[in-house]
Amino acid sequence: MLNQITHGAPTAARPLLIVHGLYGSARNWGVIAKRLSDARQVVAVDQRNHGASPRTESHSYPDMAADLAEVIEAHGAPMHVMGHSMGGKAAMVLALTRPELIASLTVADIAPVAYGHSQLKYAEAMRGIDLSGIERRSDAQALLEPVIDDPALVPFFLQSVDVKSKSWVLNLDTLAREMPKIMEFPEMSGSFAGPTLFLTGAASDYVSREDRPRITALFPQARFVKIPEAGHWLHADKPREFEAAMRAWLDRQDNAS
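Note that this is a predicted model, so its numbers are computed, not measured. (Residues numbered from 1 in each chain as written. Predicted model: local features only at pLDDT ≥ 70, side-chain atom pairs only at ≥ 80, totals over all residues. Heavy atoms only, no water.)

Thoughts on the nonpolar core
What counts is decided by this rule: Nonpolar cores were defined as sets of buried Ala, Val, Leu, Ile, Met, Phe, Trp, Tyr and Cys residues, with membership established by side-chain atoms within 4.5 Å. When accessible area is computed with a 1.4 Å probe and restricted to protein chains, residues below 20% of their type maximum are described as buried, those above 50% as exposed, and intermediate ones as partly exposed. Helix numbers and strand numbers start at the N terminus; a helix is a DSSP run of H or I with at least 4 residues, a strand a run of E with at least 2. All domain edges in this entry derive from an automatic or database-based domain assignment. By definition in these notes, contact holds between two residues if any of their heavy atoms fall within 4.5 Å.
Counting 67 residues, the largest nonpolar core has L17, Y23 and F219 as its most contacted members. Among the elements that make up this core, the one with the highest residue count is helix α3 (residues 86-97) (eight residues). Residue assignment places this core across two domains, with domain 1 (4-113 + 185-256) and domain 2 (119-177) each supplying three or more. Discounting chain neighbours no more than four positions away, the residues touching L17 are V43, V45, L68, V71, I72, M79, H80, V81 and M82. Membership of the second largest hydrophobic core comes to 21 residues, among which are W29, M82, M246 and W249.

Written out as structure tokens, the structure reads:
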């Protein structure tokens, strides 16, 4: 089963499952998860091939969705599910295949479409540096900075460095090999009739108006909210605004049930 970090105790409100994106982890979501746990239990997972979760040869969305289903079933009741980027695609596949497990769905800055901007270069950059001599995180930072084209991503990638073992907590070999699957979205039939929020960054180009017909065909109850001045990593760019949007959405769903 996936590694989980649980925030807060069970309450009368339905719990929230947080699913991170590519190269991320449950720890990336710690601040937001902790703040949202004042009203409900929040469970953040490490997806397969990330963090402390199992290393596998496959990294397909049906497999990732099955991992999430196992977590929800272990908790014994439907959960609110929020997935960012790759995690949003996994959450969408879960909703389309196991709708009974989802009380509501939030998709953060991703659409159910194929993307052309591969993230392979980052896996190759991380694989290409030698961590065997690092003694502290700043040593890894010095190695990463020359090979990562976006300085804002360096602190994010550093969270996946295990200084003690001098290694990545990412299965970079599988992620690199499976990148075509990660960039795609599988052909899906049917639709998810439950409440769905597409929460996007106003400064991001990951979800366009041209994606709306595909989104509403699969998620007919979809609502769309943009966070001003936020990019693709909207929860990092505007954490307070992201938290407020999630809190309002989740409270609305609980009050409607």
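Next, the rest of the story.
Here we look at α3
Cut-off, in case you're wondering: For a helix, the expected span equals 1.5 Å multiplied by the number of residues minus one.
Taking 1.5 Å of rise per residue, 12 residues should cover 16 Å, and α3 covers 17 Å from first to last C-alpha, within 8% of that figure. Counting buried positions along α3 gives 11 out of 12 residues, so the element sits mostly inside the fold. For α3, every residue scored as buried is listed here: M86, G87, G88, K89, A90, A91, M92, V93, L94, A95 and L96.

Quick notes on the UniProt feature "domain: AB hydrolase-1" (unreviewed entry) in the chain
The line we're drawing: UniProt positions are given in the numbering used here, feature names are shortened, and annotations may be inferred rather than shown by experiment.
Mapped onto the present numbering, the UniProt feature "domain: AB hydrolase-1" (unreviewed entry) falls at residues 16-245. Structurally, residues 16-245 comprises 37% helix and 16% strand, and the distance from its first C-alpha atom to its last is 14 Å.

Regarding the side chain of D109
Selection criterion: Working convention for charge: Lys and Arg count positive, Asp and Glu count negative, and His plus the chain ends are omitted. Salt bridge criterion: a side-chain nitrogen from Lys or Arg within 4 Å of a carboxyl oxygen from Asp or Glu. Within 3.5 Å is the distance limit for a polar contact, defined as a pair of N or O atoms, with the added protein rule that one can donate a hydrogen and the other accept it, and that residues adjacent in sequence qualify only through two side-chain atoms.
Position of D109 among the secondary structure elements: in the loop between β5 (102-108) and α4 (120-127). Buried charged residue D109 carries no salt bridge. Nearest counter-charge: K226, at 8.5 Å. Side-chain polar atoms of D109 contact the backbone nitrogen of G201, separated by 2.9 Å. Within the structure, the side chain of D109 is placed 2.6 Å from the side chain of S204, a separation counted as a polar contact. Once residues within four sequence positions are removed from consideration, D109 is found in contact with S85, L199, T200, G201, S204, Y206, V207, G231, H232 and L234.

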